[in-house]
Amino acid sequence: MRGTYDGAVVTRTTERPAGALRVLAVDDEKPALDELVYLLRAQREVGEIHGAGDATEALRLMRAHPVDAVFLDINMPGLDGMELAGILSEFANPPAVVFVTAHDDRAVAAFDLGAVDYLLKPLREARLAEAVRRIVGAHTAPAPAPQQPRADPNEVIPVELAGVTTLVHRSSVSWVEADGDYARLHTSAGSHLVRIPLSALESRWENAGFLRVHRSYLVALRLVTGLRTVGTGTVVCLRADENAAAVELPVSRRQVRELKQRLVHGPRHTWTNP
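The rules behind the values
- Residues numbered from 1 in each chain as written.
- Predicted model: local features only at pLDDT ≥ 70, side-chain atom pairs only at ≥ 80, totals over all residues.
- Heavy atoms only, no water.
- Helix = DSSP H or I, 4+ residues; strand = E, 2+ residues; numbered from the N terminus.
- Contact = heavy atoms within 4.5 Å.
- Areas by Shrake-Rupley, 256 points an atom, 1.4 Å probe, with all protein chains shown as cover.
- Pairing = 2+ DSSP bridges.
- Axes fitted to C-alpha atoms, helices over the stretch in contact; angles between N-to-C directions.
- Core = buried A, V, L, I, M, F, W, Y, C linked by side-chain atoms within 4.5 Å.
- Buried < 20%, exposed > 50% of the residue type's maximum accessible area, 1.4 Å probe, protein only.
- Arc of directions from axis to C-beta.
- Parallel < 35°, antiparallel > 145°, perpendicular 65-115°, else oblique.
- Left-handed = near helix turned anticlockwise from the far one by under 90°.
- Nonpolar A, V, L, I, M, F, W, Y, C, P; charged D, E, K, R; others polar.

1. Notes on the overall build of the chain
1) Next: From N to C terminus, the chain includes seven helices and 16 strands.
2) Next: Partitioning the intrachain contacts of the chain with sequence separation of at least 6 by distance along the chain shows that 55% fall at a separation of at least 24.
3) Next: Approximately 14,800 Å² of the chain is accessible, and the part contributed by carbon and sulfur atoms is 51%.

2. Overview of the sheet that holds strand 11 (residues 190-194)
1) Next: Strand order across the open sheet formed by five strands is 11-10-9-13-12, with antiparallel pairing between neighbours. The open sheet has two edge strands with one neighbour each: strand 11 and strand 12 (210-214). If you compare each strand with its neighbour and ignore which way they point, the axes differ by 20 degrees on average.
2) Next: Here strand 9 (residues 173-179) pairs with strand 13 (residues 217-220) via three bridges, running antiparallel. Across the sheet, Trp 175 pairs through a bridge with Val 219, a residue of strand 13.

3. Points about the nonpolar core
1) Next: Core analysis: the largest hydrophobic core is formed by 32 residues, its most contacted members being Val 176, Leu 185, Leu 201, Trp 205, Val 236 and Leu 238.
2) Next: If sequence neighbours within four positions are ignored, Val 236 has contacts with Val 213, Val 219, Val 224, Gly 226, Leu 227, Val 247, Glu 248, Leu 249, Val 251 and Leu 259.
3) Next: Of all hydrophobic cores here, the second largest spans 24 residues; its members include Val 67, Leu 72, Met 76 and Ala 115.

4. So, helix 2 (residues 55-64)
1) Next: Of all the residues in helix 2, the buried ones are Ala 55, Ala 58, Leu 59, Leu 61 and Met 62. On an axial view of helix 2, the arc spanned by its buried residues comes to 165 degrees, and they lie on one face. Looking at helix 2, the residues exposed on the side facing more than 90 degrees away from the buried face are Thr 56, Arg 63 and Ala 64.
2) Next: Considering only its buried residues, helix 2 is in contact with strand 2 (21-26), strand 3 (46-52), strand 4 (69-72) and helix 3 (81-88).

5. Focus on the sheet that holds strand 14 (residues 224-230)
Across a sheet, paired strands are connected by hydrogen bonds in the backbone, their directions being either parallel or antiparallel.
1) Next: Strand order in the open sheet formed by three strands is 14-15-16, and the pairing between neighbours is antiparallel. The open sheet has two free edges, formed respectively by strand 14 and strand 16 (247-251), since each of these has just one partner strand. When the angles between neighbouring strand axes are averaged without regard to direction, this sheet yields 30 degrees.
2) Next: In this structure, strand 14 lies alongside strand 15 (residues 233-238), joined through six bridges in antiparallel fashion. Note that in strand 15 the partner of Leu 227 across the bridge is Val 236.

6. Re the packing of helix 2 against helix 3
1) Next: Packing of helix 2 against helix 3 brings their axes to within 10 Å, and their N-to-C directions diverge by 25 degrees. Classified by the angle their axes make, helix 2 and helix 3 are roughly parallel. The interaxial crossing formed by helix 2 with helix 3 has right-handed handedness. Residues Ala 55, Ala 58, Leu 59 and Met 62 of helix 2 form the contact with helix 3, whose own contacting residues are Leu 84, Ile 87 and Leu 88.
2) Next: Looking at the contact of helix 2 with helix 3 residue by residue, the class counts come to seven nonpolar, no polar and no charged.

Structure, rendered in structure tokens:
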């Protein structure tokens, strides 16, 4: 292990830029905490570092020492990392949260809590540096003008590939295909396999203009150009964009009527005809 860290000690690094980040590292395994603090010390944008071995200690430290960001393990005794992040989100000025974990199956829940990033152990310095840059960018970004209306929320789905997290915006998804316990998101830029059941996306995206037309398919209604009879069945036609070909997907018999109703009578903001 490269150095050790006493969680009771605050490390103030030297020769750092003005406004360097104040961070808290939380992990119940001391070797992992030592490693995380060691890597954080190497980041020029990080100034003050605190360490905690559990959520209770983390909350106690934050009462005495406000921080800009928390690097947080998930599986911990007592309050776990997800529960702690939920508490932090209720703060008047919540710190940025980056999860650092050995488990790749909690990313969706992490980003639902507003996490800035989701890092997998063993931690790579380059990946940590990217997370720090994201925090700095969010920390230094100017606040929106008071009169400026907020944009409609656009859910993102985190996709992990070779240790890199890519955020796929819901608005970029044309259709979703079931793949066992996974779902494959189809976008103009390609497809992405995520560890989310199709039924979960069906429930979450129903009010965002998506409809499950078949046990294996969920489609964006805004892209539907029509329905076509093929033999004894029905297919839904999705329009192409500049980067992808048109798609035809089967519609189950019990869903044909609902699909027609949604296309004809559904709210205008959930779909558009070409």
